[in-house]
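Spelled out, the chains give:
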Amino acid sequence: MKMVGEQVATARVAKGLTQRELGKQVGLQEESIASIEQGRRPLMPDVADVMDRELGLPGILAVAAHKMPQIDVIPPWAEPLINLEQKAQAISSYENQVVPGLLQTPAYAKAVFQSRIPLFTADEIADQTTARIDRQTALHRTQPMLASFVIWEPVLRCPLGGREVHNEQLRHLADCARLPGVTIQVLSLGRTAHPSLDGPFVLLETAEHQHIAYLETHRGSLVLSDLDEVSILTQKYAMLRTQALNPEETRDLLDELLGDP
């Protein structure tokens with residue numbers, strides 16, 4: 001990884017590009033390019049293909065990336081969700097523990113990974129945080145996907161990472177709610193019934209109109225494509241949206257939590 005990272009850095013400098021400029025050309029954050037060049041993050045094959053093209057290399061990085069030993073920067077059970085997110089034309093996500101990953105700020109994501117047991121090292125936290133923020137490109141496509149999020153209110157009241165991180169995250173949610181195709185709703189604590197006490201889940205629709213559900217546990221994940229199983233979760237999500245605050249009421253609640261008039 002260090003050798004490949006140095007190859008990337010050498011080719012980038014020879015092309016006269018900064019890390020930020022190369023990141024824009026290949027669709028990554030500046031911090032991600034830095035992690036790759038420092039050998040702390042693997043160069044993924046799809047990114048390597050684009051880098052070869054942008055840096056004028058004859059497939060050298062693509063060969064290196066395809067021969068790279070597999071390491072778990074992203075837990076194997078999370079990879080299906082990340083792959084599906086990038087290609088989905090619609091996503092519906094219910095979360096009752098933390099802010100959905102696609103909506104997290106870097107500081108909030110870092111606080112999530114710092115809470116992990118067993119503890120991550122500082123480098124692992126940095127890499128995991130960068131990987132999570134990179135996923136958010138799914139919300140900024142030229143052709144936006146439809147993204148619906150329902151978040152249980154206790155998530156928004158938990159000051160994970162401290163008050164400053166918490167307030168920044170609430171403001172970021174308000175900004176995300178203005179993105180094309182994005183809808184955010186809060187399931188209020190005032191509800192006397194709850195249609196998804198079994199936990200969080202994600203529903204995705206692919207470009208081929210296949211409907212898939214994703215559920216994650218402490219030590220693994222489950223991807224469902226069985227129509228009956230997906231239908232059950234679709235019904236739950238419909239009830240969640242019906243019982244949640246509408247988008248305007250959600251924005252009012254965010255302002256209330258922030259103390260804004």
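As a reminder, the structure under discussion sits directly above these lines.
Reading guide: rules and limits
- Residues numbered from 1 in each chain as written.
- Predicted model: local features only at pLDDT ≥ 70, side-chain atom pairs only at ≥ 80, totals over all residues.
- Heavy atoms only, no water.
- Pairing = 2+ DSSP bridges.
- Helix = DSSP H or I, 4+ residues; strand = E, 2+ residues; numbered from the N terminus.
- Axes fitted to C-alpha atoms, helices over the stretch in contact; angles between N-to-C directions.
- Salt bridge = Lys/Arg side-chain N within 4 Å of Asp/Glu carboxyl O.
- Buried < 20%, exposed > 50% of the residue type's maximum accessible area, 1.4 Å probe, protein only.
- Core = buried A, V, L, I, M, F, W, Y, C linked by side-chain atoms within 4.5 Å.
- Contact = heavy atoms within 4.5 Å.

A.B. asks: Is there a simple way to think about the sheet that holds strand S4 (residues 201–205) in this case?
C.D. replies: Within a sheet, adjacent strands bond to each other through the backbone by hydrogen bonds, running parallel or antiparallel. The mixed open sheet is built from six strands, whose spatial order is S3-S2-S1-S4-S5-S6. Two strands lie at the open edges of the sheet, namely strand S3 (182–187) and strand S6 (221–224), each paired on one side alone. The mean inter-strand angle of the sheet, taken between neighbouring strand axes irrespective of direction, is 10°. Pairing of strand S1 (residues 90–95) with S4, which is carried by five bridges, proceeds in the antiparallel orientation. By the bridge assignment for S4, Ile91 is matched with Leu204.

A.B. asks: Which parts of the structure should I look at to understand the pattern of salt bridges?
C.D. replies: Oppositely charged side chains can form a pair if their charged atoms are brought close together. Within the structure shown, the criterion is met by seven salt bridges. Between Glu85 and Arg135 there is a salt bridge, with its nearest N and O atoms 2.6 Å apart. With Glu85 in helix H6 (residues 79–87) and Arg135 in the loop between helix H8 (122–134) and strand S2 (146–152), this pair connects stretches of sequence that are 50 residues apart. Here the two residues Glu85 and Arg135 agree in accessibility, since each one is buried. For Asp175, the salt bridge is made with Arg178, and the minimal N-O distance between the two is 3.1 Å. Taking relative accessible area as the criterion, Asp175 reaches 45% and is therefore assigned partly exposed. When its relative accessible area of 58% is taken as the criterion, Arg178 is described as exposed.

A.B. asks: What's the story with the pairing of S4 in this structure? I'm lost.
C.D. replies: Regular strands have side chains that alternate between both faces of the sheet. Where burial is concerned, most of S4 is hidden: five out of the five residues are buried. Side chains Phe201, Leu203 and Glu205 project from S4 onto one buried face, and the interleaved Val202 and Leu204 project onto a second face that is buried too. As defined by bridge partners, S4 adjoins strand S5 (residues 211–216) across four bridges and the pair is classed as antiparallel. Of the residues in S5, the one forming a bridge with Leu204 is Ile212. Counted between consecutive antiparallel strands, the loop separating S4 from S5 contains five residues, among which His209 sits at a positive phi close to 65°.

A.B. asks: What should I look at first to understand the nonpolar core in this one?
C.D. replies: A general tendency of soluble globular proteins is for nonpolar side chains to be buried together. Counting residues in each nonpolar core, the largest one holds 34 residues, and the members touching the most others are Leu103, Leu156, Leu173 and Ile184. Secondary structure elements with two or more residues in this core: helix H7 (106–114), S2, helix H9 (153–157), helix H10 (163–176), S3, S4 and helix H12 (247–258). With five residues, the single largest contributor to this core is H10. With sequence-adjacent residues up to four places away left out, Leu156 is seen in contact with Ile151, His166, Leu170, Leu173, Val186, Leu254 and Leu257. One finds Leu17, Leu43, Met51 and Ala65 within the second-largest nonpolar core, a separate group that totals 19 residues.

A.B. asks: Help me understand the environment of Ile151, please; the structure alone is not making it clear to me.
C.D. replies: Within the secondary structure, Ile151 sits in strand S2. Separated by 37 residues in sequence, Ile151 and Ser188 place their C-alpha atoms 8.8 Å apart. Contacts of Ile151, omitting those with residues within four sequence positions, involve Glu95, Pro100, Leu103, Leu156, Leu173, Ile184, Gln185, Val186 and Leu187.

So yeah, pure geometry; function would need other evidence.
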